[in-house]
Amino acid sequence: SQKIEQNSEALNIQEGKTATLTCNYTNYSPAYLQWYRQDPGRGPVFLLLIRENEKEKRKERLKVTFDTTLKQSLFHITASQPADSATYLCALDGGGYNKLIFGAGTRLAVHP
Amino acid sequence: NAGVTQTPKFQVLKTGQSMTLQCAQDMNHEYMSWYRQDPGMGLRLIHYSVGAGITDQGEVPNGYNVSRSTTEDFPLRLLSAAPSQTSVYFCASRGSDAYEQYFGPGTRLTVT
């Protein structure tokens with residue numbers, strides 16, 4: 001079955017630095033991959049989608065890369081701020097209609 | 001637009017009781033899904049629907065029923081609650097022309 005791995009340990013970084021989160025997957029070739037942000041006690045919020053034929057996608061301070069050979073996506077937040085502190089979830093196309101497979105998420109803490 | 005709404009926000013059940021978690025969306029989205037989120041695990045798909053009258057099973061459907069009589073509503077029924085169903089439940093929807101999912105605020109369910 002498909003498996004998604006995200007760093008289970010929290011990532012602690014200093015304000016202003018670039019945060020890089022990793023998403024690795026096995027046993028599948030997804031047509032697209034998504035990143036979501038989740039704050040405590042709230043539902044996930046969509047951030048970015050990248051398709052299998054795209055190497056990189058940007059949105060403001062966010063950048064996502066997608067390497068289908070390595071089966072890996074990297075999520076970068078540049079000039080990070082304390083407000084960026086949250087859990088970030090990676091999700092990939094599970095095939096068929098409306099099927100997303102989620103990773104367990106990585107918690108990011110940005111310190112002033 | 002209210003987006004995706006879920007009720008109740010919190011619920012405590014005794015083993016063997018049944019209940020319905022309500023989900024509604026006002027975005028005229030065709031696709032709707034139910035996920036459960038447990039500590040250390042990714043969101044897992046319970047059931048999903050690709051339109052009114054059409055539902056299908058996800059990764060962890062046992063112990064849950066769904067129906068979709070209208071585009072707006074997608075209730076999740078627990079037939080006979082078990083402690084293993086203690087979790088946070090999220091409802092999500094998406095339009096047929098985009099892949100991003102919109103999540104509700106979640107229902108925290110405890111089964112004793």
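Structure shown above.
Residues numbered from 1 in each chain as written. Chains lettered and ligands numbered in written order. Predicted model: local features only at pLDDT ≥ 70, side-chain atom pairs only at ≥ 80, totals over all residues. Heavy atoms only, no water.

## Let's talk about the interface of chain A and chain B
At the junction of the two partners, chain A supplies 19 residues and chain B supplies 23 residues. Counting each side, the surface lost to burial between chain A and chain B is near 1600 Å², with a carbon and sulfur contribution of 56%. For the pair chain A and chain B, the number of links is zero salt bridges. Connecting chain A to chain B are three residue pairs in polar contact (both at pLDDT 80 or more). Contributing elements (two or more residues each) for the side of chain A that touches chain B: β4 (32–38), β5 (45–51) and β10 (100–102) of chain A. In terms of residue count, β4(A) provides more of the side of chain A that touches chain B than any other element does, four residues in total. Its residues assigned to classes, the side of chain A that touches chain B comprises ten nonpolar, six polar and three charged. (Contact = heavy atoms within 4.5 Å. Buried area = accessible area lost by both parts, 1.4 Å probe. Salt bridge = Lys/Arg side-chain N within 4 Å of Asp/Glu carboxyl O. Polar contact = N/O pair within 3.5 Å; in protein donor to acceptor, adjacent residues only side chain to side chain. Helix = DSSP H or I, 4+ residues; strand = E, 2+ residues; numbered from the N terminus. Nonpolar A, V, L, I, M, F, W, Y, C, P; charged D, E, K, R; others polar.)

## Some remarks on the state of the cysteines
Counting across every chain of the model gives two disulfides over all chains. Residue pairing for Cys23(A): its cysteine sulfur links by disulfide to Cys90(A), the two sulfurs lying 1.9 Å apart. Measuring handedness by torsion sign, the sulfur bridge of Cys23(A) and Cys90(A) sits at about -60° and is left-handed. Taken together, the positions of Cys23(A) in strand β3 (residues 19–26) and Cys90(A) in strand β9 (residues 86–93) put the pair 67 residues apart, joining distant regions of the chain. Of the two residues examined, Cys23(A) and Cys90(A), each falls in the buried class. Through a disulfide, Cys23(B) is tied to Cys91(B); the S-S separation comes to 1.8 Å. Classification of the bridge connecting Cys23(B) and Cys91(B) rests on its S-S torsion, roughly -70°, and on that basis the disulfide is left-handed. You can see Cys23(B) sitting in strand β3 (residues 19–25) and its partner Cys91(B) sitting in strand β9 (residues 87–94), a full 68 residues away along the chain. (Disulfide = S-S within 2.5 Å. Buried < 20%, exposed > 50% of the residue type's maximum accessible area, 1.4 Å probe, protein only.)

## So, the environment of Asn28(B)
Residues and elements named next belong to chain B. Relative to the helices and strands, Asn28 is located in the loop between β3 and β4 (31–37). Using a relative accessible area of 62% as the deciding quantity, one classes Asn28 as exposed. Put simply, Asn28 and Ile54 are 26 residues apart on the chain and 15 Å apart in space, counted from C-alpha to C-alpha.

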